[in-house]
Amino acid sequence: DLIEAHDGSWWLVFHAFRPHARSYHHLGRETCLAPVTWTEDGWLVVSPEKTVDVEMNVKALPQQREETEPARDDFATPELRLCWNFLRNPNAEDWSLTERPGWLRLYGSSRTLDDQDSPTFIGRRQQHFNVSAKALLDFRPENERHEAGLTVLMNEQHHYEIAVTQQHGQHYIIVRRRIGDLLAVVAQAMIEAGPVELEIQAESDTYTFLYALVGQPAQRVATGATRYLSSEVAGGFTGVYFGMYATSHGSGRTSPADFDWFEYLPA
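Residues numbered from 1 in each chain as written. Predicted model: local features only at pLDDT ≥ 70, side-chain atom pairs only at ≥ 80, totals over all residues. Heavy atoms only, no water.

**Section: the overall build of the chain**
Reasoning step 1: Helices and strands together make up the secondary structure of the chain, namely one helix and 18 strands.
Reasoning step 2: The principal-axis extents of the C-alpha atoms in the chain amount to approximately 75 × 40 × 35 Å.
Reasoning step 3: Classification of the 267 residues of the chain by burial places 46% in the buried group.
Reasoning step 4: Across the chain, every contact between residues at least 6 apart in sequence was considered, and the portion connecting residues at least 24 apart equals 59%.
Reasoning step 5: About 14,300 Å² of surface is accessible on the chain, with carbon and sulfur atoms providing 48% of the total. (Helix = DSSP H or I, 4+ residues; strand = E, 2+ residues; numbered from the N terminus. Buried < 20%, exposed > 50% of the residue type's maximum accessible area, 1.4 Å probe, protein only. Contact = heavy atoms within 4.5 Å. Areas by Shrake-Rupley, 256 points an atom, 1.4 Å probe, with all protein chains shown as cover.)

What follows is the structure, encoded as structure tokens:
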């Protein structure tokens, strides 16, 4: 869109993305603003002095501070915040904010993050290169196919997750990477039953996956490259999501996966 301001200056509103080292991008398209000038013969020139920056000095328009949501969501309200999204058409029976007040409760279904369907998933966009996404999960899987945790997801064929599951009757933390038709659990650690903090630390080129039992220091489990979740590799233009999820991998319905809070904290 072209806009003429009250002082006669012209501006262009458009979509763009922030690339990593000008080679790929994994954050979604964003709305940008750039100044426009006109040549004597009527052609427009966008941002004539330099390339477009993330922040542009707009003297013609009044400055307004953007309201930001708190970094932590304690799920204390009867409705989800506007930042939260579902995948496709969510099933109402898969989640609740009222069954355990102050917690987001998820029930994993047979659908998984690999399916082009509506798995049990509630997520928000990654908006910063350097950011931490963290949540406190209370989940007691009933068999080895049940799991719940955090994911960083581009689409059903490109995503990473850190999750709680069961192996040989014990609780385990796993980190899985899905890149196209390659699927692998790349790290795992046995943990005690009970609430656990899961964390994904994002940098421009790497995701780091950590967990911490209550009252104990965080343990680093594995990493994953941001490049394999980029639009250039995975396709699409919406960018990656951080999400909470649960699944039974085709084995009925899971026990409740309760999230006490979720924190999105830019560096």
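**Things to note about the pattern of salt bridges**
Reasoning step 1: In the structure shown here, the tally under the stated rule is 14 salt bridges.
Reasoning step 2: Two residues, E161 and R176, come together in a salt bridge whose shortest N-O distance is 3.0 Å. Here the residue E161 occupies a position in strand 11 (residues 158-167), and R176 occupies one in strand 12 (residues 170-179), the gap between them amounting to 15 residues.
Reasoning step 3: In the salt-bridge network here, residues are joined through shared partners; they are E99, R100, R105, D138, R140 and D258. (Salt bridge = Lys/Arg side-chain N within 4 Å of Asp/Glu carboxyl O.)

**With respect to unusual backbone geometry**
Reasoning step 1: With a phi close to 55 degrees, F75 is a non-glycine residue in the positive phi region.
Reasoning step 2: Looking at the element boundaries, F75 is found in the loop between strand 5 (72-73) and strand 6 (95-96).
Reasoning step 3: F75 gets classed as buried once you look at its relative accessible area, which sits at 2%.
Reasoning step 4: Backbone geometry places R88, a non-glycine residue, at a positive phi of 60 degrees.
Reasoning step 5: Along the polypeptide, R88 turns up in the loop between strand 5 and strand 6.

**Digging into the pairing of strand 18 (residues 257-266)**
Reasoning step 1: Burial runs high along strand 18: seven of the ten residues are buried.
Reasoning step 2: One ladder, built from two bridges, connects strand 5 with strand 18; its direction is antiparallel. Residue pairing in the sheet places R72 in a bridge with E263 of strand 18.
Reasoning step 3: One ladder, built from three bridges, connects strand 7 (residues 104-106) with strand 18; its direction is antiparallel. Following the sheet pairing, L106 is matched in strand 18 by A257.
Reasoning step 4: Pairing analysis gives nine bridges linking strand 9 (residues 131-139) to strand 18, with the strands arranged antiparallel. Bridge pairing in strand 18 places L136 opposite W261. (Pairing = 2+ DSSP bridges.)

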